[in-house]
Amino acid sequence: MKWQGFYLSDHTAALNQQNQQLNEIYVPRPQQSLAVITQVLADAYQRQQPVTIQLKTVDQNNRHLADITTLIHGYNANDIVIDADRFIPLQEIRNVAYKKTEKL
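So, a few notes on the structure that sits alongside this text.

### Re the pairing of strand β5 (residues 86-89)
Every other side chain in a regular strand lies on the same face of the sheet, so the side chains alternate between the two faces.
So, point 1. In terms of strand pairing, strand β4 (residues 79-82) meets β5 through four bridges, oriented antiparallel. Looking across to β5, one finds that D79 is bridged to P89.
So, point 2. What sits between the antiparallel neighbours β4 and β5 is a turn of three residues, in which A84 has the positive phi angle 50°.

### Regarding the sheet that holds β5
So, point 1. The three strands lie next to each other as β3-β4-β5, forming an open sheet whose pairing is antiparallel. The sheet terminates laterally at β3 (74-75) and β5, the two strands that pair on one side only.

### Re the sheet that holds strand β6 (residues 93-98)
So, point 1. In spatial order, the strands read β2-β1-β6; together these three strands make up an open sheet with antiparallel pairing. The open sheet is flanked by β2 (68-70) and β6, the only strands paired with a single partner. Taken over all neighbouring pairs, the strand axes of this sheet differ in orientation by 20° on average, direction set aside.
So, point 2. As defined by bridge partners, strand β1 (residues 51-55) adjoins β2 across three bridges and the pair is classed as antiparallel. Paired with V51 across the two strands is T70, which belongs to β2.
So, point 3. Each of β1 and β6 touches helix α2 (residues 34-47); the most contacted strand, β6, lies at about 40° to it.

### Some remarks on the environment of D85
So, point 1. Within the fold, D85 resides in the loop between β4 and β5.
So, point 2. Judged by its relative accessible area of 61%, D85 falls in the exposed class.

### A word on the nonpolar core
So, point 1. With 15 residues, the main nonpolar core has L41, I53, I80, I93 and V96 as its most contacted residues.
So, point 2. At the level of elements, α2, β1, β4 and β6 are the ones that each hand at least two residues to this core.
So, point 3. Of the residues forming this core, the biggest block, four residues, is contributed by α2.
So, point 4. In this structure, I80 is in contact with L41, I53, I72, G74, Y75, R86, F87, I88, L90 and I93, ignoring residues within four places of it in sequence.

Rules used in this analysis
Residues numbered from 1 in each chain as written. Predicted model: local features only at pLDDT ≥ 70, side-chain atom pairs only at ≥ 80, totals over all residues. Heavy atoms only, no water. Pairing = 2+ DSSP bridges. Helix = DSSP H or I, 4+ residues; strand = E, 2+ residues; numbered from the N terminus. Axes fitted to C-alpha atoms, helices over the stretch in contact; angles between N-to-C directions. Contact = heavy atoms within 4.5 Å. Buried < 20%, exposed > 50% of the residue type's maximum accessible area, 1.4 Å probe, protein only. Core = buried A, V, L, I, M, F, W, Y, C linked by side-chain atoms within 4.5 Å.

Now the structure itself:
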């Protein structure tokens with residue numbers, strides 16, 4: 001019986017975390033030009049540095065989705081490749097910046 005209590009508390013914690021993520025508000029960053037976006041992405045790809053990408057996509061409440069922090073694994077004329085062959089169209093990117101690293 002004791003294990004069920006642990007399952008319930010773990011399940012409640014997971015639901016609370018999911019609810020917090022759904023209610024989090026991501027501030028829209030300035031729309032960058034396609035030239036700036038491609039320059040930052042090409043430089044990050046060449047140096048193998050992680051970037052933070054904000055997409056133009058919004059949810060049903062017109063709120064921006066969470067940023068994507070990743071390495072750029074490749075690109076073509078219209079898309080970039082991130083995480084396990086996931087393609088993101090360049091036209092869907094609102095803003096891209098180098099990932100901020102914490103200094104010790």
